[in-house]
Every structure is written in C-alpha cells, then in structure tokens.
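# Per-entry structural report
The primary structure of each chain is shown beneath.
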Amino acid sequence: MSGADFEAELAEAKDTIPTIEGFTLVTCVAAQVRASYRKTDQKQVNVILQFPEGYPEEPVVSQLTSKTLAEKLLSGMVKMCDEEARSLVGQRQILPVMRFVRNFIISNPLCVCSEEIAAIKRDLIKENDKLKLKQDTSQVHMKIVQERYWMNLLVTVPDLYPTQQVSIEVAESNFPDLLKKFFVGQAVELARRCVQPPPKPKPKAPPFKPRPSLLEVCQFLVQDCVKRYPGENCPVCRERVMLRDPEAVAKDPKKRVERVYCGHLYHHGCLAKYLKTPPFKDGKFCPDCGKQIFHDKWKVSPELAEARWAAKQARQRELAEVADFLS
Ligand SMILES: [Zn+2]
Ligand SMILES: [Zn+2]
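Everything numeric here is computed off the predicted structure, so don't read it as measured data.

Distances from the zinc ion (ligand 1) to its protein donors, Cys 234 (SG), Cys 237 (SG), His 267 (ND1) and Cys 270 (SG), fall within 2.1 to 2.4 Å. Because the angles between the four donor atoms bound to the zinc ion (ligand 1) fall within 99 to 114°, the donor set is best described as tetrahedral. The sequence pattern formed by the donor residues of the zinc ion (ligand 1) is C-x2-C-x29-H-x2-C. Of the residues examined, Cys 237 reaches a relative accessible area of 28% and is grouped as partly exposed.

Right under this line is the structure:
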C-alpha cells in the first residue's frame, strides 16, 4: 500500500469513526489514531492504534486504556485486537479494529465485573460447585453444593452496573422453601444497600457512592447460606438441624426447620418446646448467641407464656392427681 492509500484509509476513519454510536474521535493522523468508546459510565475504553513501517502488510498495533475496566480484561482484549488485525494484513484495519472493540463491549456485558467474577471463581467456587457465564443474558449461573444440599443461582448484572444492583433468582434447589426465601430476600436487601444511600446516614460519613454488588451478594449466598447451614446444629437438641437426607425432612414435620431473628436454625419441634418452657422473664433467648428470639409463628409475651405454662402445669397436676386416685 502506498502513502496515498494510507492517507485514504485515515480520511475514511476520520469520517466514519464519529458516526459509529458511542465513539469519539480524538486524533487521526499517520502517527496515531486515538478514539474513545463509551457504552455506559463503567464501560469506557480508549483505543490507540499505531502503524508499523510495513502497514498494512504488517498488523496495526493496538493499545487499550480504561479508568473503569480491569487491566487483565484489557490485555485480553488487546490480544484479540491483534488477532483481528493479523487476519486483515494487506487490507484496511483501522475501522475493523474499532468495530471489534465496540462489539466486544456490547456482546460481553459481564466485562464490567471481570475482577469480581475472578474473585468468585478463586474464593467461592469449590470443586463440586459450578459457575457459568452467560454473556447473552448478562448472567452468572452458579450451582453451589454442600453435602447433599444444592442451589442453582442466577445473578443478573444490569447494563448500568454498578450504579444499578444485581438481581438474584434461585432457579432450583433442594433447600427448604423457607430458607430459599430467606437467602434470596437477604441477598436482594444486601444488593440494594450497595446502591441506595442509608435512610439515616451517620453524621460524619463521606457522601454515599454506589458500590459493586456482585461479589458481596455471592459471598453471602455461598459462604453465609448454602455452605453454612447444612452443617449447623439445632441450639436446643444439639443435633444436626438439617437432616443429612434432604428428602427425609418432608416425612418428619417436627424436624422441619425454623429460622429465628438471629439467623440460627431450629427444629420446629425443638423451637416450639423451648418457647413454651420457662424461664419467660423478658422473653426467650437463643442458646447459641444470646439474642432474643423473634418468630412470626410464636408472638407471645412473657406474661402470656407464663400463664400458658402455669395452666399446662396445673392440668398436668390434675391429671397426676387423677392418676393417683385411680391407682
Ligand atoms: Zn433440635
Ligand atoms: Zn442465635
């Protein structure tokens, strides 16, 4: 290609780049073509192209910088740009490389949380678990396993991430429904707090800034939920609170799991018995953490519990007297 051809390619780039949605052209001279592409505040990248002596018989040299995207992701993208350029030696390469960068950002929406995903893979996903990235739906799919319990989670990363929070869904699971609802409810709340300022900020707190929610939510769901509960013991009987066989729970309603305010799990039968047994003074407290037990099913004041207990005792005394009398 002669100098005239290169001049023509530069002229074409100068005319075309500003017409591609999201691009701003910064420089377009023989020494360097520089443009920036912006999809959202977080998905922004600067593309710098430099031309070797033998261009276009030799591939254009790409460099990418970004204030928001991770270094590792950028170096991976540069390798792909190089490949793209190599496939076009002898032809015009400026516009194809620019378009390649734009397409990559558009078709890989999870690029915005590449570091969080790397941390999830490294720290949270163990050998029996699975993680899949679905770029077409901007979702992270996970199957998290603990003993014989498992949960399939779908976490969706919105286009305006991290200004907008991730959304969470349990696709399938063999955890009790009650726990499943609690896991998701708490995870949604955690995600919300990442992007919404607290209603009453602390007096000297710095101004609120939305922060990424993906890793935080996954840490909670994996470490504090799925991996935690199957091995826990009931604070009352000290036996495993979740039976080893997930199917067996359905057959024994007393072994149904109840969750109280502090987060500890009880067998339904054990919690019912514990809440009906004195002392009642000032309420009932979790034997494991000392926090007061609140539960929707057993909203009973200490006085009422005391009265019920006394009535039950009286009835038992009467029965005992009857039994004495009969014997
Ligand atoms: Zn128990
Ligand atoms: Zn507790």
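Having seen the model, we can carry on.
Right, let's talk about helix H8 (residues 268-275) for a bit. The element H8 is largely enclosed, with a buried count of six among its eight residues. The set of residues buried in H8 consists of His 268, Gly 269, Cys 270, Leu 271, Ala 272 and Leu 275. Where the residues of H8 are buried, they touch strand S9 (257-259) and strand S10 (265-267).

Position of Gln 93 relative to the elements: it lies in the loop between helix H2 (71-86) and helix H3 (94-107). The buried category is assigned to Gln 93, whose relative accessible area is 0%.

With that out of the way, let us pick up H3. End to end, H3 covers 20 Å across 14 residues, agreeing with the expected 20 Å (1.5 Å per residue, within 8%). Within the span of H3, buried status applies to Ile 94, Leu 95, Val 97, Met 98, Phe 100, Val 101, Arg 102, Phe 104 and Ile 105. In this structure, the buried side of H3 is in contact with helix H1 (3-16), strand S1 (23-29), strand S2 (32-38), strand S3 (44-50), strand S4 (61-65) and H2.

So, about the pattern of salt bridges. A complete count under the given rule lists 16 salt bridges for this structure. Taking the shortest distance from any N to any O, the salt bridge between Asp 123 and Arg 122 comes out at 3.2 Å. The shortest N-O distance in the salt bridge between Arg 148 and Asp 245 comes to 3.4 Å. Residue Arg 148 is found in the loop between strand S6 (139-146) and strand S7 (149-156), and its partner Asp 245 is found in the loop between helix H6 (214-226) and helix H7 (248-251); the two are separated by 97 residues along the sequence. The exposure class assigned to Asp 245 is partly exposed, which follows from its relative accessible area of 23%. Each of Lys 39, Lys 43 and Asp 159 takes part in one network of salt bridges that share partners.

A volume near 170 Å³ is recorded for the second largest pocket. The wall of the second largest pocket is formed by Lys 130, Leu 131, Lys 132, Lys 134, His 141, Met 142, Lys 143, Asn 152, Leu 153, Leu 154 and Ala 171. Only strand S5 (130-134), S6 and S7 provide two or more residues apiece to the lining of the second largest pocket. The greatest single-element share of the lining of the second largest pocket, amounting to four residues, is contributed by S5. Looking at side-chain class alone, the lining of the second largest pocket contains five nonpolar, two polar and four charged residues.

Quick look at the sheet that holds S6 now. Read from one edge of the open sheet, four strands run S5-S6-S7-S8, paired in antiparallel fashion. The open sheet terminates on both sides in strands that have one partner only, identified here as S5 and strand S8 (167-173). Strand-to-strand, the axes of this sheet are offset by a mean angle of 20°, without reference to chain direction. This element, helix H5 (residues 177-195), spans S7 and S8 of the sheet and lies at about 165° to S8.

Bringing the domain arrangement of the protein into the picture now. With domains assigned, the protein is organised as domain 1 (3-107) and domain 2 (113-231). At the junction of the two partners, domain 1 supplies seven residues and domain 2 supplies seven residues. When the two sides are added together, the surface that domain 1 and domain 2 hide from each other amounts to roughly 510 Å², 49% of it contributed by carbon and sulfur. A per-residue breakdown of the area domain 1 buries against domain 2 is headed by Thr 40, Gln 42 and Ala 70, which together make up 53% of the total.

As a further point, take a positive patch on the surface. Taken together, the side chains of Lys 276, Arg 308, Lys 312 and Arg 315 present a region of like positive charge at the surface. Relative to the helices and strands, Arg 308 resides in helix H9 (residues 302-326). Exposure remark for Arg 308: the relative accessible area of 52% places this residue in the exposed category.

Procedures and definitions
- Residues numbered from 1 in each chain as written.
- Chains lettered and ligands numbered in written order.
- Predicted model: local features only at pLDDT ≥ 70, side-chain atom pairs only at ≥ 80, totals over all residues.
- Heavy atoms only, no water.
- Donors = N, O, S within 2.8 Å, 3.2 Å for Na, K, Ca; no water.
- Tetrahedral: all angles 85-135°; square planar, octahedral: opposite > 155°, others 65-115°.
- Buried < 20%, exposed > 50% of the residue type's maximum accessible area, 1.4 Å probe, protein only.
- Helix = DSSP H or I, 4+ residues; strand = E, 2+ residues; numbered from the N terminus.
- Contact = heavy atoms within 4.5 Å.
- Expected span 1.5 Å × (residues − 1).
- Salt bridge = Lys/Arg side-chain N within 4 Å of Asp/Glu carboxyl O.
- 1 Å grid on protein atoms, 1.4 Å probe; cavity = no way out; pocket = protein on both sides within 12 Å on 5 of 7 lines; lining within 4 Å.
- Points joined across faces, edges and corners; volume = space filled by probe spheres on them.
- Nonpolar A, V, L, I, M, F, W, Y, C, P; charged D, E, K, R; others polar.
- Pairing = 2+ DSSP bridges.
- Axes fitted to C-alpha atoms, helices over the stretch in contact; angles between N-to-C directions.
- Domains from an automatic or database assignment.
- Buried area = accessible area lost by both parts, 1.4 Å probe.
- Patch = residues over 30% accessible without salt bridge, like charges linked within 9 Å, V, L, I, M, F, W, Y side chains within 5 Å.
- Areas by Shrake-Rupley, 256 points an atom, 1.4 Å probe, with all protein chains shown as cover.
- Lys, Arg positive; Asp, Glu negative; His and termini not counted.
- Charge placed at Lys NZ, Arg CZ, Asp CG, Glu CD.

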